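Overview (structure and organization)
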Amino acid sequence: MKSVQHASVVGSLMYAMVALRPNIAHAVGVINRFMPNPSQSHWNVVKHVYRYLVDTKDYDILFDPNNTSSIVSYTDSDSRKSTTGYHFKFGNHGAISWKSKLQESTTTSTTKVKYVVTADAAKEALWLGRL
């Protein structure tokens, strides 16, 4: 029953991440990796993310319709865990696109890891440019 409760709570976090809070995407992705066999330490991380959400509930992602800024992107990767991520935002405002996940291919150097995340972000930038 504990794993059912854990799955339900993590599912709620995933909904919050997709619908409202892109800033918890990486944490939810890591928590999700341990879904088949969660331990007490994983449950403590879930509670920590919920506490973070409660503490930051008054924070907003705002878009100013009068701002004609360009799209800004940030990329990062962790070669030890083969994790890649990018974040696109509109000027100084909120996130419009983001991704944090394990890389689909295995790379042999940190430089190749950076190329993989840059290529993923470039594809997303092209798509956003057409949008």
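Use the structure listed above.
Below is a summary of the structure that appears in this document. Within each chain, residues carry numbers counting from 1 in the order of the written sequence. With pLDDT at 70 or above as the cut-off, local features in this predicted model cover only qualifying residues; side-chain atom pairs require 80 or more to be listed or tallied, and sums for whole chains, interfaces and linings still use all residues. Side-chain measures were taken over the full set of non-hydrogen atoms in the model, leaving aside hydrogen atoms and water.

1. Considerations on the overall build of the protein chain
When you go through the protein chain residue by residue, the secondary structure sums to 4 helices and 3 strands. Mapped from its N terminus to its C terminus, the protein chain presents α and β elements in the order α-α-α-β-β-β-α. Residue exposure (1.4 Å probe, protein chains only): buried if accessible area is under 20% of the type maximum, exposed if over 50%, otherwise partly exposed. Here the protein chain holds 131 residues, and 29% of them are scored as buried. By definition, residues are in contact when any of their heavy atoms lie within 4.5 Å. If you take every contact in the protein chain between residues at least 6 apart in sequence, the share linking residues at least 24 apart comes to 50%. Counting every atom, the protein chain has about 9000 Å² of accessible surface; 57% of that belongs to carbon and sulfur. Numbering of helices and strands runs from the N terminus, with a helix taken as a DSSP run of H or I at least four residues long and a strand as a DSSP run of E at least two residues long. All accessible-area figures derive from a Shrake-Rupley calculation using a 1.4 Å probe, and residue coverage is judged against the displayed protein chains alone.

2. Digging into helix 2 (residues 25–33)
Of all the positions in helix 2, only Ala25, Val28 and Ile31 are classed as buried. The arc enclosing the buried residues of helix 2, seen along the axis, measures out at 130°, which places them on a common side. When we speak of the arc, we mean the arc of directions from the helix axis to the C-beta atoms.

3. Some words on the pattern of salt bridges
The salt bridge definition used is simple: a Lys or Arg side-chain nitrogen within 4 Å of an Asp or Glu carboxyl oxygen. A complete count under the given rule lists 2 salt bridges for this structure. Two residues, Asp120 and Lys99, come together in a salt bridge whose shortest N-O distance is 3.4 Å. Placement of the pair is Asp120 in helix 4 (residues 110–130) and Lys99 in strand 3 (residues 95–102), with a sequence separation of 21 residues. Asp120 is the salt-bridge partner of Lys123, the closest N and O atoms lying 3.7 Å from each other. Placement of the pair is Lys123 and Asp120 together in helix 4, with a separation of 3 residues, close to one helical turn. Since its relative accessible area comes to 55%, Lys123 is described here as exposed. Owing to a relative accessible area of 18%, Asp120 belongs among the buried residues under this scheme. When salt bridges with common partners are traced through the structure, they connect Lys99, Asp120 and Lys123 into a single cluster.

4. Describing the layout of surface pockets
Definitions used for this entry: grid spacing 1 Å over protein atoms alone; cavity, a set of points where a 1.4 Å probe fits but cannot get out; pocket, an open set with protein on both sides within 12 Å along at least 5 of 7 lines; lining residue, one with an atom within 4 Å of a point. Grid points are joined across faces, edges and corners, and a volume is the space filled by probe spheres set on the points. If you add up the space inside the largest pocket, you get close to 320 Å³. In terms of lining, the largest pocket is formed by 18 residues, of which the most central are His26, Thr84, Gly85, Lys99 and Ser100. Elements with a contribution of two residues or more to the lining of the largest pocket: helix 2, strand 1 (71–78), strand 2 (83–90) and strand 3. Side-chain classes are defined by residue name, with Ala, Val, Leu, Ile, Met, Phe, Trp, Tyr, Cys and Pro counting as nonpolar, Asp, Glu, Lys and Arg as charged, and the others, Gly among them, as polar. Looking at side-chain class alone, the lining of the largest pocket contains 5 nonpolar, 8 polar and 5 charged residues.

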